Amino acid sequence: MSKVRVRFAPSPTGGLHLGGVRTVLFNYLFARQQGGEFILRIEDTDQTRFVPGAEEYIIECLKWCGITPDEGPGFGGEFGPYRQSERKALYRQYAEQLLVDGYAYYAFDTPEDLEKKRAELPNFQYGHAHRNEMKNSISLSSQEVEELLRNGTPYVIRIKVPQDETVSFDDMIRDEVSFETSLVDDKVLLKADGMPTYHLAVVVDDYLMKITHAFRGEEWLPSAPVHILLWKYLGWENEMPKWAHLPLILKPDGHGKLSKRDGARLGFPVYAMNWTDPKTTELTEGFREIGFLPEAFVNLLAMLGWNDGSDQELFSMDELIEKFSLERVNKSGAKFDFEKAQWYNAEWIKKLDSARLLESIIQIFKSNNIEVTDQGKLSVVIDLVKDRCTLLTDFISQGGYFFENPRVFDFSSVVNKWTSEKVSFFIAYTEILNAITDHSPSNLEVSFKALAEEKGLKIGDVMLPFRIMLVGGKFGPAVFEIASLLGKEETIQRINKGLDMLSREV
RNA sequence: GGCCCGUUCGUCUAGGGGUUAGGACGUUAGAUUUUCAUUCUAGAAACAGGGGUUCGAUUCCCCUACGGGCUACCA
């Protein structure tokens, strides 16, 4: 068998959707596992929908996920160009070949003609039943057609779908799927602007690029018969790739495909990374920016529709490549569950070591005006607080106070029980901190407890105020770990500040 | 409407002619943690319905219902 070649073929119209990333992922996993090649092809045949920057954005998303194309725009390859707009001239000859062979025809109907026809006939389909009523090279005489062509009348080329055949194919996920051609319409292959539609372009390019396996979303299933027919009519039937129609990712509530709007409505991202629409300047948040690890993102996407049959839920990219199999891809759509998505991220944060997390957290701190001068200290902090973080951005609240004063203080749970004895306890403790040289957590704890006992105070009654003085609230790792890491000067300073704040709150 | 695809706990799913129908997220209760989280233990929670086939169907077949997709000179 020839070498496996798969492609991801997005159209550069905006942010990259979850479902899109999952399609790439399955392509990529399959290609890597089979020792094949993964190709990126930009399907920009609709010039009216072209959005500048979208292509670069898509490539950046792939990079973030750890997916690198073997061929594609900017990646080289012998089958380029990899943007369909740059292949424009190529498609016409195939459309014309179909014309000559009688598998396609010219159609001169204007958009208004079609609109009118659809208004008249609610179930209108441009096909065997009605094509004779339309303005095309089947209904018109050859003289009329020539005349129209000579006058430069705009036209499209449509496939001539046979009246009474059954088209079936073997889907790698759904097994045999079949369609009656009587219900398939004569899709446009070449548009009036000379660009191919998806239907022509996908077949021509998959053929020319020697694609062996084609993965796409289930929403493409209804147009599969057109593509199968085209492979046949172009004489390439034996080289047709194996198809795999992936199940859809659905809205968590209600019904239907997950869309960008659902994310905004329900408060979670749908795009892989932040996307700013260049026209409206509207920003749509991405998984990367709200604090997802690419490891988690890839993992959760893979599990949406696939599993290895065991109870394992956490998979690295390498494990996925090793274990992925199309036979274990589900047929039915999956509702997206953001809670579970977050769980994957929390698991990956716990699983990865501080060295891997360091760089991203420095960046997040930086964009929140927290300056990190001591990376060694940050590593210690990461290990100390990572169990408490679900998103990378949680490190701001869970670890930021090691590098700057807490931004907010919540003394509400101690203010009512605040006494002058406690004040003198903390004053005395700052003196002890000044005096001792061993600032290890255990030694801090020993001296703290000894002092409390001496002053006749319950440990718990002074421990909580101490914590809040240091971190700003009722959270965080062991207090003496924090105090030790903060150092003598900083700890004393925060105690003094806390005493000051409490005296004003009481 | 038509065509195509699908249907196991709330959600993601395992399983597959005879099982206490398993796991995970979430949820509930408890333990641990002098905070919060982690962790641990326990609990509630599912085979859409109806017909077949069969000694026996959640599992195989058919129908119905429900859900989803498509129905553009968009991909």
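Parameters at a glance
- Residues numbered from 1 in each chain as written.
- Chains lettered and ligands numbered in written order.
- Predicted model: local features only at pLDDT ≥ 70, side-chain atom pairs only at ≥ 80, totals over all residues.
- Heavy atoms only, no water.
- Domains from an automatic or database assignment.
- Contact = heavy atoms within 4.5 Å.
- Buried area = accessible area lost by both parts, 1.4 Å probe.
- Salt bridge = Lys/Arg side-chain N within 4 Å of Asp/Glu carboxyl O.
- Polar contact = N/O pair within 3.5 Å; in protein donor to acceptor, adjacent residues only side chain to side chain.
- Helix = DSSP H or I, 4+ residues; strand = E, 2+ residues; numbered from the N terminus.
- Near = heavy atom within 4 Å.
- Buried < 20%, exposed > 50% of the residue type's maximum accessible area, 1.4 Å probe, protein only.
- Pairing = 2+ DSSP bridges.
- Disulfide = S-S within 2.5 Å.
- Axes fitted to C-alpha atoms, helices over the stretch in contact; angles between N-to-C directions.
- Parallel < 35°, antiparallel > 145°, perpendicular 65-115°, else oblique.
- Left-handed = near helix turned anticlockwise from the far one by under 90°.
- Nonpolar A, V, L, I, M, F, W, Y, C, P; charged D, E, K, R; others polar.
- 1 Å grid on protein atoms, 1.4 Å probe; cavity = no way out; pocket = protein on both sides within 12 Å on 5 of 7 lines; lining within 4 Å.
- Points joined across faces, edges and corners; volume = space filled by probe spheres on them.

Caption draft 1: Structural detail: the domain arrangement of chain A. Domain annotation of chain A identifies domain 1 (87-206), domain 2 (260-275 + 286-350), domain 3 (352-402) and domain 4 (415-505). Averaged C-alpha coordinates put domain 2 and domain 3 at centres separated by 23 Å. Contacts between the two partners involve 13 residues from domain 2, matched on the other side by eleven residues from domain 3. Contact between domain 2 and domain 3 buries roughly 1,100 Å² in total, counting both sides, with carbon and sulfur atoms accounting for 61%. In terms of surface lost to domain 3, no three residues of domain 2 exceed Leu293, Ile349 and Lys350, which account for 47% of the buried area on that side. Our enumeration of links across domain 2 and domain 3 arrives at one salt bridge. Between the two partners, domain 2 and domain 3, sit six residue pairs in polar contact (both at pLDDT 80 or more). Elements with a minimum of two residues in the side of domain 2 that touches domain 3: helix 9 (287-290), helix 10 (294-302) and helix 12 (338-351).

Caption draft 2: Molecular detail of the protein's contact with RNA strand B. Close to RNA strand B lie 64 residues, the nearest being His255, Glu313, Arg388, Ile459 and Gly476. Each atom of RNA strand B within 4 Å of the protein belongs either to a base or to sugar and phosphate, the latter forming 71%. For RNA strand B, a sugar or linking oxygen lies 3.5 Å from a polar atom in the backbone of Met303. Note that a phosphate oxygen of RNA strand B is positioned 2.8 Å from one of the side-chain N or O atoms of Lys350.

Caption draft 3: The arrangement of the pairing of strand 4 (residues 156-159) in detail. Burial along strand 4 is two-sided: the residues Val156 and Arg158 and Ile157 and Ile159 are all buried. Two elements, strand 3 (residues 104-107) and strand 4, share four bridges in a ladder whose sense is antiparallel. Across the sheet, residue Ala107 finds its bridge partner in strand 4, namely Val156. In terms of strand pairing, strand 4 meets strand 7 (residues 188-190) through two bridges, oriented antiparallel. When the bridges of strand 7 are listed, Arg158 appears paired with Val188.

Caption draft 4: Structural view of the state of the cysteines. If you walk through the whole model with that rule in mind, you get zero disulfides. Not engaged in a disulfide, the cysteine Cys65 finds its nearest cysteine sulfur in Cys61; these two sulfurs lie 6.7 Å apart. Note on Cys65: relative accessible area 7%, which makes it buried.

Caption draft 5: Representation of the packing of helix 19 (residues 459-471) against helix 20 (residues 479-486). Interaxial distance between helix 19 and helix 20 falls to 10 Å at its minimum, and their mutual angle equals 40°. The angle between helix 19 and helix 20 places the two elements in the oblique class. Crossing handedness for the pair helix 19 and helix 20: left-handed. In contact with Met463, Phe466, Arg467, Leu470 and Val471 of helix 19, helix 20 contributes Val479, Phe480, Ile482, Ala483 and Leu486. Across the contact of helix 19 with helix 20, the residue classes tally to nine nonpolar, no polar and one charged.

Caption draft 6: Quick peek at the layout of surface pockets. Taken as a whole, the largest pocket holds about 1,200 Å³ of empty space. Taken together, 40 residues line the largest pocket, and the ones lying closest to its centre are Pro10, Ser11, Thr13, Glu219 and Trp220. Within the residue set of the lining of the largest pocket, elements represented by two or more residues are strand 1 (5-8), helix 1 (18-33) and strand 8 (213-217). Counting residues per element, the lining of the largest pocket draws most heavily on helix 1, at four residues. Counted by class, the lining of the largest pocket contains 16 nonpolar, 13 polar and eleven charged residues. The calculated volume of the second largest pocket comes to roughly 390 Å³. Contributing to the lining of the second largest pocket are 21 residues, with Asp109, Leu114, Val156, Arg158 and Val188 lying nearest its centre. Elements that contribute at least two residues to the lining of the second largest pocket include exactly helix 4 (111-120) and strand 4. Among the elements that make up the lining of the second largest pocket, the one with the highest residue count is helix 4 (three residues). Along the lines of polarity and charge, the residues of the lining of the second largest pocket split into eleven nonpolar, three polar and seven charged.

Caption draft 7: Spatial organisation of the sheet that holds strand 3. Taken together, the three strands give an open sheet; going across it, the order is 3-4-7, and neighbouring strands pair in antiparallel fashion. Because the sheet does not close on itself, it has two edges, and the strands there are strand 3 and strand 7. With direction set aside, neighbouring strand axes in the sheet form an average angle of 45°.

Caption draft 8: Expanded view of the packing of helix 10 against helix 12. The contact between helix 10 and helix 12 brings their axes to 8 Å, and the two run at 135°. Taken together, the axes of helix 10 and helix 12 are oblique relative to one another. Of the two elements, helix 10 crosses helix 12, and the hand of that crossing is right-handed. Here helix 10 contributes Glu295, Ala296, Asn299 and Leu300 to the contact with helix 12, which in turn contributes Ala341, Tyr344, Asn345 and Trp348. Of the residues contributing to the contact of helix 10 with helix 12, the split by class is five nonpolar, two polar and one charged.

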